[in-house]
Amino acid sequence: MILERTLSIIKPNAINKHVIGNIIKRFEDNSLFVVGLKMIKLNYHQVSFIYSEHKNKLFFNELLEFMTSSAIVLLVLEGHNAINRNRLIIGHTNPAYANIGTIRKDYADSITKNAIHGSASQEAANREIYYFFKKNEIYSTL
């Protein structure tokens, strides 16, 4: 198995539901360990960076408004095959198609307000992690 890091973002609707601890527990129960954590309020440029592939899509303005509406929690998760395992735990982007027991099935309100973001690839994980975290803000043995 490959030891990896990935980024997850707990979105404003999950923050407002007070389920941060529940979400982190799901990761830890599945051997994905928090090695970096921040709570911030995103701005336009940060949202544009995270969702650059969606910038010219019709739903981008709704996503931008939502993601800048309140605080978010940034998590750097570490574990074996962290990227794929993280995506299995969070579930399908559209909560209507998410498996029972996934974070999105349990906490999402809509496809836009789907509770959590997870890096899609190793390249995306590295790009996203080091956009938000300095190396000395990540605590692990990697």
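The rules behind each value
- Residues numbered from 1 in each chain as written.
- Predicted model: local features only at pLDDT ≥ 70, side-chain atom pairs only at ≥ 80, totals over all residues.
- Heavy atoms only, no water.
- Helix = DSSP H or I, 4+ residues; strand = E, 2+ residues; numbered from the N terminus.
- Contact = heavy atoms within 4.5 Å.
- Buried < 20%, exposed > 50% of the residue type's maximum accessible area, 1.4 Å probe, protein only.
- Arc of directions from axis to C-beta.
- Pairing = 2+ DSSP bridges.

Engineer: Which residues make up unusual backbone geometry, and what are the values?
Structural biologist: Trans peptide bonds make up the majority, and among non-glycine residues the majority have a negative phi. A positive phi angle is found at His18, which is not glycine, with a value near 60°. Despite not being glycine, Ala115 has its phi angle at roughly 80°, a positive value. Note on placement: Ala115 falls in the loop between helix H6 (103-107) and strand S4 (116-118).

Engineer: Let's hear about the environment of Thr112: which residues, and what values?
Structural biologist: Examined against the element boundaries, Thr112 turns out to sit in the loop between H6 and S4. For Thr112 and Lys134, which are 22 residues apart along the polypeptide, the C-alpha to C-alpha distance reads 28 Å. Those residues within four positions of Thr112 in sequence are excluded, and the remaining contacts are Lys11, Glu62, Leu63 and Phe66.

Engineer: How would you sum up helix H5 (residues 82-90)? Please name residues and give values.
Structural biologist: Where H5 is concerned, the buried positions are Ala82, Ile83, Asn86, Ile89 and Ile90. Down the axis, H5 shows its buried residues gathered within 130° of arc, on one side only. Turned more than 90 degrees off the buried face of H5, the exposed positions are Asn84 and Leu88. Elements in contact with the buried residues of H5: strand S1 (3-10), helix H2 (20-29), strand S3 (72-80), H6, S4 and helix H7 (122-132). Looking at the residues trailing H5, positive phi occurs at Gly91, about 90°.

Engineer: Please give an account of the pairing of S1 that cites residues and values.
Structural biologist: In terms of residue burial, S1 counts as a mostly covered element, since seven of its eight residues are buried. The pairing of S1 with S3 spans eight bridges and is classified as antiparallel. Paired with Glu4 across the two strands is Gly79, which belongs to S3. Taken together, the three bridges between S1 and S4 define a ladder with antiparallel strand orientation. When the bridges of S4 are listed, Ile10 appears paired with Ile116.

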